[in-house]
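Reading the structure
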Amino acid sequence: MRTTIGYTLESIGYVVGAQGLVTFASQTLFGTEWGWIPKVVDLPSTAYLGFVAVGLSSSAG
């Protein structure tokens, strides 16, 4: 298990993936923006599925 600044990459992956999923679902289903990722970047709804993929890949490895 690799550690980065006191946090494992796995736990960071879970947070990024969850935020991507929440943002995608909120934009697609409700037309609003939830989570902190839209406060940082402005992307189309489907791009947030990339955050889910990154989160899953980092938590799997």
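Right, let's walk through the structure included here. (Residues numbered from 1 in each chain as written. Predicted model: local features only at pLDDT ≥ 70, side-chain atom pairs only at ≥ 80, totals over all residues. Heavy atoms only, no water.)

**Examining the packing of aromatic side chains**
Per the stated rule, a full pass over the model turns up two aromatic pairs. Aromatic side chains Tyr48 and Phe51 sit 5.9 Å apart centroid to centroid with 25° between the ring planes, which places their arrangement in the stacked category. In this pair, Tyr48 and Phe51 are both assigned in helix α3 (residues 48-60), three residues apart and thus about one turn of the helix distant. Given the relative accessible area of 0%, Tyr48 is considered buried. (Phe/Tyr/Trp six-rings, centres within 6.5 Å; stacked < 30°, edge-to-face > 60°. Helix = DSSP H or I, 4+ residues; strand = E, 2+ residues; numbered from the N terminus. Buried < 20%, exposed > 50% of the residue type's maximum accessible area, 1.4 Å probe, protein only.)

**Some details on helix α1 (residues 9-30)**
Relative to the 32 Å expected for 22 residues at 1.5 Å per residue, α1 spans 31 Å between its end C-alpha atoms, a close match to the ideal helical length. What α1 keeps buried is the set Gly13, Val16, Gly17, Gln19, Gly20, Thr23, Ser26 and Gln27. Of the residues flanking the end of α1, it is Gly31, one or two places downstream, whose phi is positive at about 75°. (Expected span 1.5 Å × (residues − 1).)

**Focus on the side chain of Gln19**
Relative to the helices and strands, Gln19 is located in helix α1. On the basis of relative accessibility, which here comes to 17%, the residue Gln19 falls in the buried class. Residue contacts for Gln19: discarding those within four places in its chain leaves Gly35, Trp36 and Ile37. (Contact = heavy atoms within 4.5 Å.)

**A look at a nonpolar patch on the surface**
A cluster of nonpolar side chains, namely Val15, Trp36, Val40, Val41 and Leu43, defines an oily patch on the protein surface of about 420 Å² accessible area. Structurally, Val41 can be placed in the loop between α2 (37-40) and α3. (Patch = residues over 30% accessible without salt bridge, like charges linked within 9 Å, V, L, I, M, F, W, Y side chains within 5 Å. Areas by Shrake-Rupley, 256 points an atom, 1.4 Å probe, with all protein chains shown as cover. Salt bridge = Lys/Arg side-chain N within 4 Å of Asp/Glu carboxyl O.)

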